[in-house]
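# Analysis of the macromolecular model
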Amino acid sequence: MRTLTIKGRITLLYALLTALLPAVLLPVVYGAVSASLRREMDSQLRSAITQVLIAVDDQDEAFRLNQQVDLPDAITLCVTDPQGQPIFSTVGGEWLQTAAIQPDGKTVHQNETYTVRQETVQIEGATVTASAAISAGSAEASLHTLQVLLGILVPIYLALAIA
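Figured I'd write up the structure that's included with this text. (Residues numbered from 1 in each chain as written. Predicted model: local features only at pLDDT ≥ 70, side-chain atom pairs only at ≥ 80, totals over all residues. Heavy atoms only, no water.)

For the coordinates displayed, the defined rule picks out one aromatic pair. With centroids separated by 5.1 Å and ring planes inclined at 50°, the aromatic side chains of W95 and Y114 adopt a geometry described as tilted. Placement of W95 in the loop between β4 (86–89) and β5 (106–109) and of Y114 in strand β6 (residues 112–123) is noted, with a sequence separation of 19 residues between them. Its relative accessible area of 12% is what places Y114 among the buried residues. (Phe/Tyr/Trp six-rings, centres within 6.5 Å; stacked < 30°, edge-to-face > 60°. Helix = DSSP H or I, 4+ residues; strand = E, 2+ residues; numbered from the N terminus. Buried < 20%, exposed > 50% of the residue type's maximum accessible area, 1.4 Å probe, protein only.)

Below is the structure:
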């Protein structure tokens, strides 16, 4: 059996490190970007729910919004009173009342996946439920673009590093 020269060992070590670096870092980068997108969507949903719940008031035992609510266009929201009647809903947001939400906070409506957040609060002794949804399509598209980009760049990196 032939032993490697020092130059051969260094080249082998360099090749192993060059291949190992993307194999370790890429899943970390992908996971971090994915988690960041999920946190951003959840933050937007929390903010929308908080904004609407602050505006809900119980006047003469009828719930109303006591101020104008300005929500981002991407947010679909529905707030219901204890009887399940809508207090406030964005255009087309009534579907959230009956949405089957999976444990991971996702639901499908009209062939589109949504990330949903529900909060139940007590307002003057009555339970009010707020549901907010945002399309997960843009986040999924961003992650898919990242996968394609990494799939293209990694072979280029390896080819340039070994050459």
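Further remarks concern the pattern of salt bridges. Oppositely charged side chains can form a pair if their charged atoms are brought close together. Applying the stated criterion across every chain, the model contains three salt bridges. R46 is the partner of D42 in a salt bridge, and the nearest nitrogen-oxygen pair spans 3.0 Å. One end of the pair, D42, and the other, R46, are both in helix α1 (residues 6–55), four residues apart, so they sit about a helical turn from each other. Given the relative accessible area of 23%, D42 is considered partly exposed. On the basis of relative accessible area, R46 is assigned to the partly exposed category, the value being 42%. R117 is the partner of E119 in a salt bridge, and the nearest nitrogen-oxygen pair spans 3.1 Å. Note on E119: relative accessible area 21%, which makes it partly exposed. (Salt bridge = Lys/Arg side-chain N within 4 Å of Asp/Glu carboxyl O.)

Time to look at a nonpolar patch on the surface. Residues L13, L17, L20, L21, V24, L25, V29, V33 and Y157 make up a contiguous nonpolar surface patch of about 770 Å² in total accessible area. Here the nonpolar patch takes eight residues from α1, the largest share from any one element. When you line up the elements, L13 lands in helix α1. (Patch = residues over 30% accessible without salt bridge, like charges linked within 9 Å, V, L, I, M, F, W, Y side chains within 5 Å. Areas by Shrake-Rupley, 256 points an atom, 1.4 Å probe, with all protein chains shown as cover.)

As a further point, take helix α2 (residues 137–162). If you check α2, its first and last C-alpha atoms are 38 Å apart, about what 26 residues at 1.5 Å a residue would give, namely 38 Å. For α2, the full list of buried residues reads A139, L143, L146, L150, V154 and A161. Against α1 lie the buried residues of α2. (Expected span 1.5 Å × (residues − 1). Contact = heavy atoms within 4.5 Å.)

As a further point, take α1. Over its 50 residues, α1 extends 73 Å from the first C-alpha to the last, a length consistent with the 74 Å expected when each residue adds 1.5 Å. Those residues of α1 that fall on the buried side of the exposure criterion are T18, P22, S34, M41, L45, A48, I49, V52, L53 and A55.

Backbone geometry places Q110, a non-glycine residue, at a positive phi of 50°. Its location among the elements puts Q110 in the loop between β5 and β6. Under the relative-accessibility criterion, Q110 is labelled exposed at 69%.

That is the geometry; function is a separate question.
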